[in-house]
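So the chains spell out like this:
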Amino acid sequence: MNTTTFKDYYKVLGLEKGASEGEIKKAFRRLARKHHPDMNTDNPNSGEAFREINEAYEILGDAEKRRKYDQYGPRYKDYETWEKAGGSATGVPFESTFRQQANPGGGGSQYRTVSPEEMEELFGSGNSPFGDIFGSMFGGSRQGGGAGFDGRANGPRRGRDLEYIVEINLEEALNGGKRTLELAGADGKPRRIEANIPAGVDNGSKVRLAGLGEPGIQGGQAGDIYLVVKLAPDPHFERHGVGLSTSTDVPLSTMLLGGEVPVTLLGGKRIAVKVPAMSQNGYQVRLAGLGMPTKIGNNKERGNLYVKMQTKLPADLTPEEQTALNQFAELLKKRGN
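Each value, and the rule that gives it
- The written sequence of each chain sets the order in which its residues are numbered from 1.
- Local features in this predicted model are restricted to residues whose pLDDT is 70 or higher, and side-chain atom pairs enter the listing and the counts only when it is 80 or higher, whereas totals over whole chains, interfaces and linings include all residues.
- Hydrogens and water are ignored here; the side-chain numbers use all heavy atoms of the structure.
- Put simply, DSSP marks the helices as runs of H or I at least four residues long and the strands as runs of E at least two long, and each gets a number from the N terminus on.
- Any pair of residues with heavy atoms lying within 4.5 Å of one another is described as a contacting pair.
- Every angle, taken between N-to-C directions, lies between 0 and 180 degrees, and every axis is a line fitted to C-alpha atoms, over only the stretch in contact when it is a helix.
- Should an angle fall under 35 degrees it is taken as roughly parallel, and over 145 as roughly antiparallel, whereas 65 to 115 is taken as roughly perpendicular and any remaining angle as oblique.
- If DSSP finds at least two bridges between two strands, the strands pair.
- What we call a nonpolar core is a set of buried Ala, Val, Leu, Ile, Met, Phe, Trp, Tyr and Cys residues that are connected through their side-chain atoms within 4.5 Å.
- Note on classification: 1.4 Å probe, protein chains only; a residue is buried when its accessible area is under 20% of the maximum for its type, exposed when over 50%, partly exposed between these limits.
- Two N or O atoms count as a polar contact when they lie within 3.5 Å, although within protein this holds only if one can serve as hydrogen donor and the other as acceptor, and sequence-adjacent residues are included solely when both atoms are side-chain atoms.
- Exposure above 30% relative accessible area and the lack of any salt bridge qualify a residue for a patch; like charges then connect within 9 Å, and the nonpolar side chains Val, Leu, Ile, Met, Phe, Trp and Tyr within 5 Å.
- Here the accessible surface of atoms and residues is derived via Shrake-Rupley with a 1.4 Å probe, and residues count as covered only by protein chains that are part of the display.
- What makes a salt bridge here is a side-chain nitrogen of Lys or Arg within 4 Å of a carboxyl oxygen of Asp or Glu, nothing more.

Visitor: Could you give me a rundown of the overall build of the protein chain, with the residues and numbers involved?
Guide: The helix and strand tally for the protein chain stands at eleven helices and 13 strands. Partitioning the contacts of the protein chain with sequence separation of at least 6, the portion at a separation of at least 24 is 52%.

Visitor: Explain unusual backbone geometry to me, using residue names and the numbers behind them.
Guide: The backbone of Gln-218 sits at a positive phi, close to 55°, despite the residue not being glycine. Here Gln-218 lies in the loop between strand 4 (206–209) and strand 5 (225–231). Notably, Met-278 is not glycine yet its phi reads approximately 60°, a positive angle. Along the chain, the position of Met-278 falls in the loop between strand 9 (270–275) and strand 10 (284–287).

Visitor: Explain the packing of helix 3 (residues 46–60) against helix 4 (residues 63–72) residue by residue, including any values.
Guide: Where helix 3 meets helix 4, the closest approach of the two axes is 6 Å, and the angle between their N-to-C directions is 95°. The pairing of helix 3 with helix 4 is recorded here as roughly perpendicular in orientation. Together, Glu-58, Ile-59 and Leu-60 of helix 3 and Lys-65, Arg-66 and Tyr-69 of helix 4 make up the contact between the two elements.

Visitor: How would you sum up the environment of Asn-40? Please name residues and give values.
Guide: Within the fold, Asn-40 resides in the loop between helix 2 (21–35) and helix 3. In this structure, Asn-40 is in contact with Lys-34, His-35 and Ser-46, ignoring residues within four places of it in sequence.

Visitor: Outline the pairing of strand 9, supporting the account with residue identities and numerical values.
Guide: One face of the sheet, then the other: side chains in a regular strand alternate in exactly this way. In terms of strand pairing, strand 8 (residues 259–264) meets strand 9 through six bridges, oriented antiparallel. Residue Val-263 lies in a different strand from strand 9, and its bridge partner there is Ile-271.

Visitor: I'd like a description of the nonpolar core, backed by residues and values.
Guide: Counting residues in hydrophobic clusters, the biggest one holds 34 residues, and the most contacted among them are Leu-227 and Met-309. Looking at this core, the element that brings in the most residues is strand 5, giving four residues. Apart from the residues within four sequence positions on either side, Leu-227 is in contact with Tyr-164, Val-166, Leu-181, Ala-195, Ile-197, Ser-205, Lys-206, Val-207 and Leu-209.

Visitor: Pulling in residues and values, what's your account of the side chain of Asn-304?
Guide: Positionally, Asn-304 belongs in the loop between strand 12 (298–302) and strand 13 (305–312). At 3.3 Å, the side chain of Asn-304 forms a polar contact with the backbone nitrogen of Gly-289. Not counting the four nearest positions on each side in its chain, Asn-304 is found in contact with Val-242, Gly-243, Leu-244, Arg-286, Leu-287, Ala-288, Gly-289, Leu-290 and Gly-291.

Visitor: Please provide a residue-by-residue account of a nonpolar patch on the surface, values included.
Guide: On the surface, a cluster of nonpolar side chains totalling about 250 Å² of accessible area is made up of Leu-317, Leu-325 and Phe-328. Looking at the secondary structure, you find Leu-325 in helix 11 (residues 319–334).

What follows is the structure, given as structure tokens:
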């Protein structure tokens, strides 16, 4: 290995030489999560960063490889190649002519991808929040739902699951909607898929399209497509789980004397809402069953809508209104208010 291209793998993982096995594993776990390409779709350089982190862990995470790396420094790869060719770790210095014979064409450093077993040790299995990410790297999870990895090099392999982000508005989250996806088919030609977005989905919800992911290998089952929901903000309503909240302007006279005000619901329908006399500014009215669906796929059962009453003051007053307001103020003074 040329010393000018030597990589300080400790520096790659943000560690000092002499770090413990646990520190190396912890650093790799943290950086792998941070730089994995599936978590950085808007960063074209994330793949190279992840490859370098993986390469560093391949060396430092293996006790024997780390020993050689620490002992030989920039030339550790040369000695490793020499050993594979029948030499020993001790003896005459490694000659450049032998290096060229053992490694024709030069080439850069090599590394192997971390195995599924090592990933399970690092990130856990089953309920790991990174199960989907690393499952897709190896064709899926080992058992149960999702992609299968049976460890057979030549046997049928399930195709990879794919994820796409779809943005929907709040009304679509209430009633459900549709999205048309244009994907590359196995023959390279585009294919269109119309996907149903069920009512009740929220930010981060996943909609599964079974069997529409990457084709399986050697007769294996096709993977799935998961649509990851991104909920766009609404200018008039806020969502709180299965509840909704909004506000409406109410004339001062209605707040004092009581009455009804029109309220526009999500979707555009308008209803009349009663305002009790002497309501205070900010008073909330609960409208049962006018919130979001309580179950995905069923908008019949819904949470509540909370409407905040905001006092709307007149922009100006006529002389007659000014006189009446002064009289009203005098009456309040007599009451001690």
